[in-house]
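What follows is the residue order along each chain.
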Amino acid sequence: MDRDDVIERIRLVVERVLNRGVPALGPDTRLLNDLGLDSVGILETLIALEDQVGFEVDIDNLDPGVFDTAGSLADYVTSMTAKV
């Protein structure tokens, strides 16, 4: 799964979490400021991505910067799926 595929998955998950349509995401789309996700929404997004993509988050080594943009989250998910 490449970065663009992961960004599309993030978009679909965020639509479900926010219960509204989300336009196409770019790598620089900010999850908190541009999309309006809060900490609970971020957690829901991460859990849904874990289930859909098939990886496990290492909470002890999770950098909050992962959630800055769709691109940073996609990079994290891609790196985690490469370990599986």
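Nothing here was measured: the structure is a model prediction, and the numbers come from that model.

What counts, and at which threshold
Residues numbered from 1 in each chain as written. Predicted model: local features only at pLDDT ≥ 70, side-chain atom pairs only at ≥ 80, totals over all residues. Heavy atoms only, no water. Phe/Tyr/Trp six-rings, centres within 6.5 Å; stacked < 30°, edge-to-face > 60°. Helix = DSSP H or I, 4+ residues; strand = E, 2+ residues; numbered from the N terminus. Buried < 20%, exposed > 50% of the residue type's maximum accessible area, 1.4 Å probe, protein only. Expected span 1.5 Å × (residues − 1). Contact = heavy atoms within 4.5 Å. Axes fitted to C-alpha atoms, helices over the stretch in contact; angles between N-to-C directions. Parallel < 35°, antiparallel > 145°, perpendicular 65-115°, else oblique. Left-handed = near helix turned anticlockwise from the far one by under 90°. pLDDT = per-residue confidence, 0-100.

Overview of the packing of aromatic side chains
The geometry of an aromatic ring pair is captured by two quantities: the separation of the ring centres and the angle between the planes. Across all of its chains, the model carries one aromatic pair by this definition. Both rings, one in Phe55 and one in Tyr76, keep their centres 6.3 Å apart while their planes meet at 80°; by these two values the pair is edge-to-face. Here Tyr76 lies in helix α3 (residues 70-83) and Phe55 lies in the loop between α2 (39-54) and α3, a separation of 21 residues in the sequence. Under the relative-accessibility criterion, Tyr76 is labelled buried at 11%.

Observations concerning α3
Given a rise of 1.5 Å per residue, 14 residues ought to cover 20 Å, and the 20 Å separating the end C-alpha atoms of α3 matches this to within 8%. Taken residue by residue, α3 has Ala70, Gly71, Ser72, Leu73, Ala74, Tyr76, Val77 and Met80 as its buried positions. Contact partners of the buried residues in α3: α1 (3-18) and α2.

Focus on the packing of α1 against α3
Interaxial distance between α1 and α3 falls to 9 Å at its minimum, and their mutual angle equals 115°. If you check the angle between α1 and α3, you find them roughly perpendicular. Here α1 runs over α3; the crossing is right-handed. In contact with Arg3, Val6, Ile7 and Ile10 of α1, α3 contributes Ala70, Gly71, Ser72, Leu73, Ala74, Asp75, Val77 and Thr78.

Some thoughts on the confidence of the model for the chain
For the chain, per-residue confidence averages 92 on the pLDDT scale, and 99% of positions sit at 70 or higher. Across the chain, the secondary-structure element scoring lowest on mean pLDDT is α3, at 92, and the one scoring highest is α1, at 96.

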